[in-house]
Amino acid sequence: MRRLVSKLTTPRSLRGFFWGSSLENSDKIPKRSENKEEEGIPRLPSIPWRYDMEFKRPTRVEAYLQQIEFTRRVWAKTLQALTSPARIEIALSFSAVLGIGIAECALMVTNPGNHLGVLFSYGFANIIPSMIWETISLETIVNSLGLSSGEVLRAFTDCPEDVQAEAIMNFRTKLLSVIRSILASVMTLTQIIKMIQTGKESLENHKRFLDGRETPGHVGIHERFFRMGGTASDVTELSIERYGTHVLPVFSQDSNRRKVLAQEYSDDGHYPVLWTVSGNYANITDWEPLFKDIDGIWYLKTRSGQSVLYMEADATNIEEAMALGLPKNDLSPQEAFQSFRVLEMVANTKLRKPPDSIVRIFLADTFQQVELGGNKTIDLGSYIHQTKEADVIVDATAPLLEKVLEWCEKVEASEQAEKRSGEGGWFEMITARDNPEKTILFDTTNKDVYKVIGALLARYGYRIVDRGSVTPSESFDYPRLIYRDTSDDTVSLLHTLMTRRLASPEKCCILIDSSRVTTIRIWTRMGYKPHEIQSELKTRFSPIHNVILNSEILPGPELGKAKRKSKIETTREPDSSE
């Protein structure tokens, strides 16, 4: 998907993402309207909305907890390693070491019953040293307690009986010391080492954060929606930047972008920001781990309090938004529909509270052709309209072209440019007029896109010329629409034009990547049903669709396929919702 940027700023939000305006140049020029009702169809409102208004921001505490999500999970997994049997084993080991130490001390004091403090001090003090076969002497313990060793410790003379008694005491204390050290080192120390190893393994889960294999946290999250992005999706990348963890992007494991995005938006892997599935989107085992927490936050909320499982899929090519009718390879329709089905099934069976409703949004080029088994083709919009595999189909091209038209209406025309003679091109061919409302310089090297924009703008009373039709000095005066095959190239060209003062920023308009589905989420929250939203989109963009179909401007190898005579019969649903 691409958006239009005019005057190097984000477009005003007061008109929403979907809008219309009137232009009455000629009877031959189509009219666009903002009427709330058209031919008796109720219209949905245009929403004055900014993306930063959509989701509730986390509090400072919640934001901090989000940042330490990785540390919290490391500790949680480390403590989980101490299973119930292991905890009992450690407790018994420590108790045994303590008890042996007390018994050992009792053999060395004169009256154990009167020196319980010394016994327990000796036992506790030697738990840790026992792990490395060391012992803190009883004399040191006694002196540290401020007692006299002569009064506490047993004393022996040189008489044979005392020598024998001392030898027996030393034998028994040494034996107890050995047993104490064995228990401490072999039993207790083994468990501690196991815990450390588990913690180390948890640290290696940093890779799982970056791979998209760790489920996202729910602290500070009150709503969330899914976005299927395939191998690459500019719409999804922008959504991550805008909405953070309120959107869960789902990428294929073949994606080269997912690790880059995870590293950029997760504070270098400190908390999960996306999910990865294998090449088979219908594989339920790829999705079930998401719902380990049966009370997790996976819904949007309507103003009536209903929970909506809201799923979006971007099936447009990342750098070919204007490639009308051509196959898409970032995310196929089949992959999108498989993910819709599996997510719906898992949410209904794994979560404590199933969703009250489910909304499936499919963003794609509806002119893309689907070949059927009977030697026929049908456009994608009509195909989905028949199969009902998505609830709302958002055409990827019509909002973009609508935005181009709005910019053309607003941009100031140049008197010098209009006075110059230029090639009539599409304007004269389509309208048979030589008095355009404005002349637009379309700065592009893509012939197919030039044809699409040229035919569309001519229908609405605008003439376009390319860079070769004017001199470099003359081009400064023209309103300039800029498009390159990649967004990076488009931005690079704009930067060059601005820094070299070759174009006026107030008259420049570029096509770069963006989202077109925010308003649909707002309508859903307001309680509008998918069929009402689909009807509104169809009403708003049907003039654009009619221009595209009637002008035969589908580019590339499929040029004009919807209108040409061919051995392959092409069908389009007369009531297709787009």
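Residues numbered from 1 in each chain as written. Predicted model: local features only at pLDDT ≥ 70, side-chain atom pairs only at ≥ 80, totals over all residues. Heavy atoms only, no water.

Chemist: Could you give an account of the overall build of the protein, naming the residues involved and the relevant values?
Modeler: Looking only at helices and strands, one finds 21 helices and 17 strands in the protein. Pairs at least 24 residues apart make up 75% of the contacts formed inside the protein by residues separated by at least 6 positions. Approximately 27,300 Å² of the protein is accessible, and the part contributed by carbon and sulfur atoms is 53%. (Helix = DSSP H or I, 4+ residues; strand = E, 2+ residues; numbered from the N terminus. Contact = heavy atoms within 4.5 Å. Areas by Shrake-Rupley, 256 points an atom, 1.4 Å probe, with all protein chains shown as cover.)

Chemist: Before we move on, can you summarise empty space enclosed by the protein with the specific residues and values?
Modeler: Within the structure shown, the criterion is met by four cavities of 30 Å³ or more. Computed from the structure, the largest cavity encloses a volume of approximately 80 Å³. For the largest cavity, the full set of lining residues is Gln66, Glu69, Gly217, His218, Val219, Ile221, Arg224, Thr245, Tyr271 and Pro272. Split into classes, the residues belonging to the lining of the largest cavity amount to four nonpolar, four polar and two charged. (1 Å grid on protein atoms, 1.4 Å probe; cavity = no way out; pocket = protein on both sides within 12 Å on 5 of 7 lines; lining within 4 Å. Points joined across faces, edges and corners; volume = space filled by probe spheres on them. Nonpolar A, V, L, I, M, F, W, Y, C, P; charged D, E, K, R; others polar.)

Chemist: Describe the packing of aromatic side chains, and please don't skip the residues or the numbers.
Modeler: Within the structure shown, the criterion is met by nine aromatic pairs. Plain terms: the ring middles of Phe55 and Phe225 are 6.0 Å apart, the flat faces sit at 15° to each other, and that makes the pair stacked. With a gap of 170 residues between them, Phe55 in the loop between β3 (41-42) and α1 (60-67) and Phe225 in strand β4 (residues 225-230) connect regions that are remote in the sequence. We classify Phe55 as buried; its relative accessible area is 10%. Judged by its relative accessible area of 0%, Phe225 is buried. Judged by centre distance (6.3 Å) and plane angle (90°), the ring pair of Phe225 and Tyr310 falls under edge-to-face. Linking Phe225 in strand β4 with Tyr310 in strand β8 (residues 307-314), this pair joins segments that are 85 residues apart in sequence. Classification of Tyr310 as buried rests on a relative accessible area of 0%. By way of ring pairs, the aromatic residues Phe55, Phe225, Tyr243 and Tyr310 are connected into one cluster. (Phe/Tyr/Trp six-rings, centres within 6.5 Å; stacked < 30°, edge-to-face > 60°. Buried < 20%, exposed > 50% of the residue type's maximum accessible area, 1.4 Å probe, protein only.)

Chemist: Could you give an account of unusual backbone geometry, with specific residues and numbers?
Modeler: With phi around 60°, Asn375 is a residue other than glycine that occupies positive phi space. Summarising the element assignment, Asn375 is placed in the loop between β10 (369-371) and β11 (376-379). Since its relative accessible area comes to 52%, Asn375 is described here as exposed. Although it is not a glycine, Arg501 sits at a positive phi angle of roughly 55°.

Chemist: Pulling in residues and values, what's your account of the pattern of salt bridges?
Modeler: Counted by the stated rule, this structure contains 19 salt bridges. Notably, a salt bridge pairs Arg257 with Glu237, separated by 3.0 Å at the nearest N-O pair. Linking Arg257 in the loop between β5 (247-252) and α11 (258-265) with Glu237 in helix α10 (residues 234-243), this pair joins segments that are 20 residues apart in sequence. Residue class for Glu237 comes out buried when judged on its relative accessible area of 14%. Two residues, Glu536 and Arg540, come together in a salt bridge whose shortest N-O distance is 2.1 Å. Of the two residues, Glu536 and Arg540 are both situated in helix α21 (residues 530-551); the distance of four residues between them amounts to about one turn of the helix. (Salt bridge = Lys/Arg side-chain N within 4 Å of Asp/Glu carboxyl O.)

Chemist: Describe the pairing of β11, naming the residues involved and giving the relevant values.
Modeler: Relative to β11, β10 runs antiparallel, the two being bridged by three bridges. Considered in β11, the bridge of Val370 is made with Ile378. In this structure, the hairpin formed by β10 and β11 is closed by a connection of four residues, where Asn375 is found at a positive phi of approximately 60°. (Pairing = 2+ DSSP bridges.)

Chemist: Let's hear about the environment of Asn126: which residues, and what values?
Modeler: Residue position: Asn126 is located in the loop between α4 (116-125) and α5 (127-130). On the accessibility criterion, Asn126 (0% relative accessible area) is buried. Placed 24 residues apart in sequence, Asn126 and Ile102 show a C-alpha to C-alpha distance of 9.8 Å.

Chemist: Any details on the pairing of strand β13 (residues 438-443)? Residues and values, ideally.
Modeler: By the criterion of burial, β13 is predominantly enclosed, with six of the six residues buried. Of the two faces of β13, the one carrying Lys438, Ile440 and Phe442 and the one carrying Thr439, Leu441 and Asp443 are both buried. Sheet analysis places β13 next to strand β14 (residues 462-465), joined by four bridges and oriented parallel. The residue bridging Leu441 from the neighbouring strand is Val465, located in β14.

Chemist: Any details on the side chain of Arg224? Residues and values, ideally.
Modeler: Summarising the element assignment, Arg224 is placed in the loop between α9 (206-211) and β4. Despite its burial, Arg224 pairs with no opposite charge, the nearest such side chain being Asp293 at 8.5 Å. Within the local environment of Arg224, its side chain forms a polar contact with the backbone oxygen of Ile297, the two atoms lying 3.0 Å apart. Those residues in contact with Arg224 that lie beyond four places of it in its chain are Pro216, Gly217, His218, Thr245, His246, Val247, Leu248, Ile297, Trp298, Tyr299 and Leu300. (Lys, Arg positive; Asp, Glu negative; His and termini not counted. Polar contact = N/O pair within 3.5 Å; in protein donor to acceptor, adjacent residues only side chain to side chain.)

Chemist: Before we move on, could you go through α10 and cite the residues and values that matter?
Modeler: Counting buried residues in α10 gives nine out of 10 residues, a clear majority hidden from the surface. For α10, the set of buried residues is Asp234, Val235, Thr236, Glu237, Leu238, Ser239, Ile240, Arg242 and Tyr243. Gly244 lies just past α10 and shows a positive phi near 60°.

Chemist: Let's hear about the side chain of Arg480: which residues, and what values?
Modeler: Among the structural elements, Arg480 can be located in strand β15 (residues 480-482). Of the polar contacts made by the side chain of Arg480, one reaches the backbone oxygen of Leu502; its length is 3.5 Å. Once residues within four sequence positions are removed from consideration, Arg480 is found in contact with Trp407, Leu441, Asp443, Arg467, Ser475, Leu497, Leu502, Ala503, Lys507, Cys508 and Cys509.

Fair warning: the whole summary comes from geometry, so function is off the table for now.
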